[in-house]
Amino acid sequence: MPSVGKGGNLRMNDTYLYPYSSTEARDRNELPLWRESHKANIACRNAIEDAIRQNFDGMHLDKNCITPVLEEYGYKRTAWVLANTLHELKWDGRFGHANKQWAERACIPKDTNHNSDFVVRSHPAVLDGFVTFYRKAVQALNLFGAEHCVGDRAKQDFTGKVLVLSPEALREQYWGQDYQLLYARSGFGCEPHSSGRAVFATCLSDGETARWNREDFIGVLDDKFLPDWAREKLEELMTQEQADAPTMGGMKMK
């Protein structure tokens, strides 16, 4: 089961996407991380502008223009740059309502004198089309999200449940349903009000058990969305659990 930091062979720029402002980075003694991420954000902005310039014929934007940007900078950084742009230009009515709503869900830290550094400078009406292409590219990955979960995550005990792992906890080469479904076995993080964070869970696709944090999970999967292959794997795991259960006097202990 791939976890944060596991390598891959993609051409994607793998510079760490730093999630805090320069001020916070200074307080955390992490300015070098911020600087490298900021440079990558600017480079991604330039790549987006180039892609739009090379693929807009004056009337139409080629839908495939987003592919090289995603291959080089990945979904996360591309989203970071696009969302930051829409935040900074939220007054501009040429961006569609759906795209503005999408951008609002992204938490881009306010970084005075720096957010403007990676605002995409393409024509807003054309850039709006690029944002739409990005959102469709993510949708095409068919990832599980909050809409596939059931119950109140804050109050749920995860033990013995099939959980949906957030894509943010995975490297992008592992973005897909196969790596999002995990069977929670144990850990203080399974308990909703515990001070512990650890959740030990088994990936249903490859059977590997690893430690995750409670916040890495979106929630408990609604059973109606459980794929047939995952249901079969889950039944195998539960059968194995019963077989491995300790015995006393020839009787299985529950």
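Please refer to the structure higher up on the page.
None of the values given here were measured: they were computed from a predicted structure. (Residues numbered from 1 in each chain as written. Predicted model: local features only at pLDDT ≥ 70, side-chain atom pairs only at ≥ 80, totals over all residues. Heavy atoms only, no water.)

Enquirer: Describe the overall build of the protein chain, with residues and values.
Expert: Along the protein chain, the regular secondary structure elements total 7 helices and 8 strands. For the protein chain, the spread of C-alpha atoms along the principal axes amounts to about 80 × 45 × 35 Å. Taken across its 254 residues, the protein chain has 44% of its residues classed as buried. Within the protein chain, residue pairs in contact and separated by at least 24 positions form 67% of the contacts whose partners lie at least 6 positions apart. One finds the centroid of the 32 positive side-chain charges in the protein chain at a distance of 3 Å from the centroid of its 36 negative side-chain charges. (Helix = DSSP H or I, 4+ residues; strand = E, 2+ residues; numbered from the N terminus. Buried < 20%, exposed > 50% of the residue type's maximum accessible area, 1.4 Å probe, protein only. Contact = heavy atoms within 4.5 Å. Lys, Arg positive; Asp, Glu negative; His and termini not counted. Charge placed at Lys NZ, Arg CZ, Asp CG, Glu CD.)

Enquirer: Any details on the sheet that holds strand β1 (residues 149-150)? Residues and values, ideally.
Expert: Taken together, 6 strands build an open sheet; the order of strands is β1-β6-β2-β3-β4-β5 and the sheet is antiparallel. Only two strands of the sheet have a single neighbouring strand rather than two, namely β1 and β5 (209-213). Sheet topology note: the β1/strand β6 (residues 217-221) ladder contains 2 bridges and is antiparallel. In the sheet register, Val-150 faces β6, and the bridge partner there is Val-220. Against the sheet, helix α7 (residues 228-244) touches β2 (162-165), β3 (181-186) and β4 (198-203), its axis set at about 15° to β3. (Pairing = 2+ DSSP bridges. Axes fitted to C-alpha atoms, helices over the stretch in contact; angles between N-to-C directions.)

Enquirer: Go over the packing of aromatic side chains with me, naming the residues and quoting the values.
Expert: Counted under the stated rule, the structure contains 7 aromatic pairs. Between Tyr-18 and Tyr-20, the ring centres sit 5.5 Å apart and the planes meet at 75°, which makes this aromatic pair edge-to-face. By the ring-pair criterion, three or more aromatic residues cluster together here, those being Tyr-75, Trp-102, Tyr-134 and Trp-175. One residue, Arg-214, lies across the ring of Phe-158, its end atom 3.9 Å from the ring centre. (Phe/Tyr/Trp six-rings, centres within 6.5 Å; stacked < 30°, edge-to-face > 60°. Lys NZ or Arg CZ within 6 Å of the ring centre and 35° of its normal.)

Enquirer: Tell me what's going on with the pairing of β5, and back it up with residues and numbers.
Expert: Looking down a regular strand, the side chains alternate between one sheet face and the other. In this structure, β4 lies alongside β5, joined through 5 bridges in antiparallel fashion. Among the inter-strand pairings, Val-199 is bridged to a residue of β5, identified as Trp-212. Counting the residues between successive antiparallel strands, the hairpin from β4 to β5 contains 5 residues, one of them, Gly-207, with a positive phi of roughly 75°.

Enquirer: Tell me what's going on with the pairing of β3, and back it up with residues and numbers.
Expert: Where β2 and β3 come together, 3 bridges link them in antiparallel fashion. Bridged to Leu-163 within β3 is Leu-182. Bridge analysis of β3 against β4 gives 4 bridges, and the strand direction is antiparallel. Along β4, the bridge assignment pairs Ser-186 with Phe-200.

Enquirer: Lay out the packing of helix α3 (residues 67-88) against helix α5 (residues 124-140) in plain terms, naming residues and giving numbers.
Expert: Close contact between α3 and α5 brings their axes to 11 Å; oriented N to C, the two are set at 125°. The orientation of α3 with respect to α5, classified from their angle, is oblique. You can see that α3 and α5 cross each other, and the crossing is left-handed. Contact with α3, carried on its side by Val-69, Leu-70, Tyr-75, Thr-78, Ala-79, Leu-82, Thr-85 and Leu-86, involves Leu-127, Phe-130, Val-131, Tyr-134, Ala-137 and Val-138 of α5 and no other residues of that element. (Parallel < 35°, antiparallel > 145°, perpendicular 65-115°, else oblique. Left-handed = near helix turned anticlockwise from the far one by under 90°.)

Enquirer: How would you sum up the state of the cysteines? Please name residues and give values.
Expert: Counted by the stated rule, this structure contains 0 disulfides. A disulfide-free cysteine, Cys-149 has its sulfur positioned 15 Å from the sulfur of Cys-190, the nearest such atom. Since its relative accessible area comes to 0%, Cys-190 is described here as buried. (Disulfide = S-S within 2.5 Å.)

Enquirer: Help me get a handle on the pattern of salt bridges, residues and values and all.
Expert: Taken as a whole and assessed by the stated rule, the structure comprises 9 salt bridges. Residues Arg-28 and Glu-30 are paired through a salt bridge, measuring 3.1 Å at the closest nitrogen-oxygen approach. Its relative accessible area of 21% is what places Glu-30 among the partly exposed residues. Close ionic contact of Glu-49 with Arg-121 constitutes a salt bridge, the shortest N to O distance being 2.8 Å. Of this pair, Glu-49 sits in helix α2 (residues 31-55) while Arg-121 sits in the loop between α4 (97-104) and α5, and the two are 72 residues apart along the sequence. Overall, Glu-49 belongs to the buried group, its relative accessible area being 9%. (Salt bridge = Lys/Arg side-chain N within 4 Å of Asp/Glu carboxyl O.)

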